[in-house]
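Chains, contacts and geometry: an overview
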Amino acid sequence: MPATVLPDRPLPRQGVIAIEAYVPGKSTAPGAAKVHKLSSNETPLGPSPKAIAAYRDNAGQLETYPDGSASRLREAIGARYGLDPERIVCGAGSDEILSLLANAYIGPGDEAIFTAHGFLVYKIAILAAGGTPVVAPETAFTADVDAILARVTPRTKLVFLANPNNPTGTYLTFEEVKRLHAGLPPRIMLVLDAAYAEYVRRNDYSPGLELAAISQNVVMTRTFSKIYGLANLRLGWCYTAGHVCEALHRIRGPFNVNGAALEAGIAALADAAHVEKSVAHNDTWLLRLTKEIEKLGLVVTPSVGNFVLIHFPVQAGQDAASADAMLKAHGVILRQVAAYGLPAALRMTIGTADDNRRVVALLATFMGRA
Ligand SMILES: *Cc1c(COP(=O)(O)O)cnc(C)c1O
């Protein structure tokens, strides 16, 4: 019998080796006097002052463990959205929830589906759990229900749908989401990632709470990182069936959400006026930016989020890489999205009025329209 050759150092599982690490939006522009970061869909209005105060108040208790059941936060979320707190699970960002879902439901040989320009954290979570990522093509930069359903096999365990999607900003109507759910066998979990739900102003959109409420195989995830402006604290949650909560509770860290995040989250939820202000700012600038950038001869994918996907011409000098370099030289950082299969585009987060005007002016010069 040949001797087994053992590795001379610990090796991660194959799925871990297959992961291309997530590259976050950049936050530095070497040489620029001031940085205008429009690369991570952070809110230009910041968090509610009440959330900041709650965060500061927590500083006196750093030696005590937080409430591992997040009970007051879950009650506050339940009261705000009319949900049963028992069916809410909180996490260190919704990214943690997405990983927990993958770890709980996917093993080696299992498949999980996401869409061609879908959020890249799904692929990482699937691979890290030992599963096989399956990519469904999109139509007009939008998730395609039939394409997703066509990729279901006996090995499919999860379907991840960002609605609206990042980085495209497009969304599926609730009718389409329900059609997707109806087409999935009940053994497959549908994960509706509604990170940008608060920004959407469309009558035919729903984050999916109703569907999660009545189904045994739907999880809706939400975050405090975007409209609530608490990305730095890492806070997210999901609403799902009781049996799914039980699975997630088994594998999550017993104190996965820190106390400062719990308190800031509760305070942020209570400040509806701040959220309204953020939505109003976004409404104004989403429309204005889309129009003004299109006037320059660039193509903007219609977005319902707090960001726009800008498509650049292919010719040298006017391509996305040149635009990115020009903007960076002026301290403006957009998001490169080549890793999302969009090498000719850049994603711009809607910023302050000043930053938005700055980008339009710079792009106008770049496109020879100034
Ligand atoms: C930003 C974002 C999230 C939020 O992630 P957190 O871990 O909660 O900060 C989730 N899904 C999508 C599609 C996002 O763009």
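What you see is a predicted model, and the numbers here were worked out from it, not measured in a lab.

**Quick word on the pairing of strand E5 (residues 156-162)**
Where burial is concerned, most of E5 is hidden: six out of the seven residues are buried. For strand E3 (residues 111-115) and E5, the ladder comprises three bridges, and the chain directions are parallel. If you follow Glu-111 over to E5, its bridge partner there is Thr-156. As paired strands, E5 and strand E6 (residues 189-193) are joined by five bridges and run parallel to one another.

**Quick notes on the domain arrangement of the chain**
Under the domain assignment, the chain is made up of domain 1 (36-46 + 273-366) and domain 2 (49-272). On a C-alpha basis, the centroid separation for the pair domain 1 and domain 2 is 25 Å. The interface of domain 1 with domain 2 comprises 27 residues on the first partner and 27 residues on the second. Note on domain 1 versus domain 2: buried area summed over both sides is about 2,300 Å², and carbon and sulfur give 62% of it. Of all residues in domain 1, Val-275, Val-304 and Tyr-340 give up the largest surface area on contact with domain 2, accounting jointly for 31% of the area buried on that side. On the surface where domain 1 and domain 2 come into contact, there are one salt bridge.

**Some points on the site of the ligand**
Close to the ligand lie Gly-93, Ser-94, Asp-95, Phe-119, Asn-166, Asp-193, Ala-195, Tyr-196, Thr-223, Ser-225, Lys-226 and Arg-234. Between the ligand and Asn-166, the relevant distance is 2.7 Å, taken from an oxygen atom to a side-chain nitrogen or oxygen of the residue. Side-chain polar atom of Ser-225 to an oxygen atom of the ligand: 2.6 Å apart, as the coordinates give it. Element by element, the count of residues in the shell around the ligand is highest for helix H4 (residues 93-105), at three residues. Partitioning the shell around the ligand into residue classes produces three nonpolar, five polar and four charged.

**As for the packing of H4 against helix H9 (residues 242-251)**
For the pair H4 and H9, the least separation of the axes is 9 Å and the interaxial angle reads 95°. In this view, H4 runs roughly perpendicular relative to H9, as classed from their interaxial angle. On the side of H4, the interface is formed by Leu-100, Leu-101, Asn-103, Ala-104 and Tyr-105, while H9 contributes His-243, Val-244, Ala-247, Leu-248 and Ile-251. Partitioning the contact of H4 with H9 into residue classes produces eight nonpolar, two polar and no charged.

**A look at the pairing of strand E7 (residues 218-223)**
With six of six residues buried, E7 is to be regarded as a mostly interior element. Burial along E7 is two-sided: Val-218, Met-220 and Arg-222 and Val-219, Thr-221 and Thr-223, pointing in opposite directions, are all buried. Two strands pair when backbone bridges link them, and E6 and E7 are joined in this way by four bridges, in the parallel orientation. The residue bridging Asp-193 from the neighbouring strand is Thr-221, located in E7. Note that the unit made of E6, helix H8 (residues 209-214) and E7 has a crossover that is right-handed.

**Quick word on the sheet that holds E6**
The seven strands lie next to each other as E2-E8-E7-E6-E5-E3-E4, forming an open sheet whose pairing is mixed. Two strands bound the open sheet, and with one partner strand each, they are strand E2 (88-91) and strand E4 (132-136). On average, each strand axis in the sheet is tilted by 20° relative to the strand beside it, whichever way the strands run. This element, helix H3 (residues 71-81), spans E2, E7 and strand E8 (236-240) of the sheet and lies at about 125° to E2.

**Here's the deal with the side chain of Asn-166**
Inspection of the secondary structure puts Asn-166 in the loop between E5 and helix H7 (174-183). We classify Asn-166 as buried; its relative accessible area is 5%. Reaching out from Asn-166, the side chain makes a polar contact with the side chain of Tyr-196 at a distance of 3.4 Å. Looking at Asn-166, its side chain comes within polar contact range of the side chain of Arg-347, at 2.5 Å. Not counting the four nearest positions on each side in its chain, Asn-166 is found in contact with Asn-41, His-117, Gly-118, Phe-119, Tyr-196, Phe-307, Tyr-340 and Arg-347.

**Overview of the pattern of salt bridges**
Applying the stated rule across the entire model yields 13 salt bridges. Its salt-bridge partner being Glu-246, residue Arg-250 comes within 3.9 Å of it at the nearest N-O pair. Separated by four residues within a single helix, Arg-250 and Glu-246 lie in helix H9, roughly one turn from each other. The exposed category is assigned to Arg-250, whose relative accessible area is 67%. A salt bridge links Lys-328 to Asp-324, with the shortest nitrogen-to-oxygen separation between them at 2.9 Å. Taken as a pair, Lys-328 and Asp-324 lie in helix H12 (residues 320-329) at a separation of four residues, close to a single helical turn. What makes Lys-328 buried here is its relative accessible area of 16%. Through salt bridges that share partners, Asp-146, Glu-176 and Arg-179 make up one connected network.

Each value, and the rule that gives it
- Residues numbered from 1 in each chain as written.
- Predicted model: local features only at pLDDT ≥ 70, side-chain atom pairs only at ≥ 80, totals over all residues.
- Heavy atoms only, no water.
- Buried < 20%, exposed > 50% of the residue type's maximum accessible area, 1.4 Å probe, protein only.
- Helix = DSSP H or I, 4+ residues; strand = E, 2+ residues; numbered from the N terminus.
- Pairing = 2+ DSSP bridges.
- Domains from an automatic or database assignment.
- Contact = heavy atoms within 4.5 Å.
- Buried area = accessible area lost by both parts, 1.4 Å probe.
- Salt bridge = Lys/Arg side-chain N within 4 Å of Asp/Glu carboxyl O.
- Near = heavy atom within 4 Å.
- Polar contact = N/O pair within 3.5 Å; in protein donor to acceptor, adjacent residues only side chain to side chain.
- Nonpolar A, V, L, I, M, F, W, Y, C, P; charged D, E, K, R; others polar.
- Axes fitted to C-alpha atoms, helices over the stretch in contact; angles between N-to-C directions.
- Parallel < 35°, antiparallel > 145°, perpendicular 65-115°, else oblique.
- Right-handed = clockwise from strand over helix to strand, strands pointing away.

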